Amino acid sequence: MPPVRRVRPTDAARVRAIRLEMLADSPLAFLETLADAAARPHAEFAARVAGMSTGTRTAAFVAEVDGRVVGHAGGQAAHGQPGVSVVFAVYLSPDWRGSGLLAALVDAVAAWSRAAGRPELMLEVVVGNDRAVRAYERLGFVDTGVRVTHPTVPILRELQMARRA
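Residues numbered from 1 in each chain as written. Predicted model: local features only at pLDDT ≥ 70, side-chain atom pairs only at ≥ 80, totals over all residues. Heavy atoms only, no water.

**Describing the pattern of salt bridges**
Enumeration over the complete set of coordinates arrives at 13 salt bridges. We note a salt bridge from Arg 5 to Asp 11, for which the minimum N-O separation is 2.6 Å. Just as Arg 5 is buried, Asp 11 falls in that class too. One connected set of salt bridges, linked through shared partners, spans Arg 19, Glu 32, Arg 40, Glu 44 and Arg 48. (Salt bridge = Lys/Arg side-chain N within 4 Å of Asp/Glu carboxyl O. Buried < 20%, exposed > 50% of the residue type's maximum accessible area, 1.4 Å probe, protein only.)

Set out below in structure tokens:
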């Protein structure tokens, strides 16, 4: 199992590569298009990665094998919900799905969230993405019953899941 660690500013190119992979592989699961991400200047992307490398408001964690990021998960303080971190941009390269790496990435986000004083995790999954729902259920997430409109594809709905960090 590759180790999971918080991103570093020097990871920008590798994190960008997995971002483009995740958008190509699962375009409805994330909040931007592949074209938008690919068009973003590297300096802007590098600044975003650097911002997630420290602090308690937002963070990203990666797993790397032979210089290639194969797993990613982010966390950010939930707006208007003290004590809650939103888990976002969770992705595993296909070869790593079912390996246990998802749990390690979510555990890293959870530890960061607890250290920041936020004992709850929340995430949203597109309704119908049953594989992801089952994977999150195995990690202790439960469906809260809340449904929200997908932020970029309004005909889709997302279900909210939560668990203790």
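Picking up where we left off.
**Overview of the sheet that holds strand β3 (residues 68-77)**
Sheets are built from strands that pair by backbone hydrogen bonding, the pairs being arranged parallel or antiparallel. Judged by pairing direction, the sheet is mixed, and its 7 strands sit side by side in the order β1-β2-β3-β4-β5-β7-β6 without closing on themselves. Both outer strands of the open sheet, β1 (4-6) and β6 (142-149), are each paired with one neighbouring strand and no more. Pairwise comparison of adjacent strand axes, ignoring direction, gives a mean angle of 30° for this sheet. Two elements, β1 and strand β2 (residues 58-65), share 3 bridges in a ladder whose sense is antiparallel. Bridge pairing links Val 4 to Ala 63 in β2. Strand contacts of helix α1 (residues 12-25): β2, β3 and β4 (84-92), with the helix running at about 85° to β3, the strand carrying the most contacts. (Pairing = 2+ DSSP bridges. Helix = DSSP H or I, 4+ residues; strand = E, 2+ residues; numbered from the N terminus. Axes fitted to C-alpha atoms, helices over the stretch in contact; angles between N-to-C directions. Contact = heavy atoms within 4.5 Å.)

**Description of the pairing of strand β5 (residues 120-126)**
Counting buried residues in β5 gives 5 out of 7 residues, a clear majority hidden from the surface. The pairing of β4 with β5 spans 3 bridges and is classified as parallel. From the neighbouring strand, Val 86 faces β5, where its bridge partner is Met 122. Once the chain exits β4 it traverses helix α4 (residues 101-115) before rejoining the sheet at β5, and the crossover so formed is right-handed. Of the strand pairs in this sheet, β5 and strand β7 (residues 157-164) are connected by 7 bridges, and their pairing is antiparallel. Pairing of Met 122 across the sheet is with Ala 162, part of β7. (Right-handed = clockwise from strand over helix to strand, strands pointing away.)

**What about the packing of α1 against helix α3 (residues 42-51)?**
Helix packing geometry: the angle between the two helix axes and the distance between the axes. Their axes nearest at 9 Å, the elements α1 and α3 cross at an angle of 100°. In this view, α1 runs roughly perpendicular relative to α3, as classed from their interaxial angle. The segment α1 lies against α3, with Ala 12, Ala 13, Val 15, Arg 16 and Arg 19 engaging His 42, Phe 45, Ala 46, Arg 48 and Val 49. When its residues are assigned to classes, the contact of α1 with α3 shows 6 nonpolar, 1 polar and 3 charged. (Parallel < 35°, antiparallel > 145°, perpendicular 65-115°, else oblique. Nonpolar A, V, L, I, M, F, W, Y, C, P; charged D, E, K, R; others polar.)

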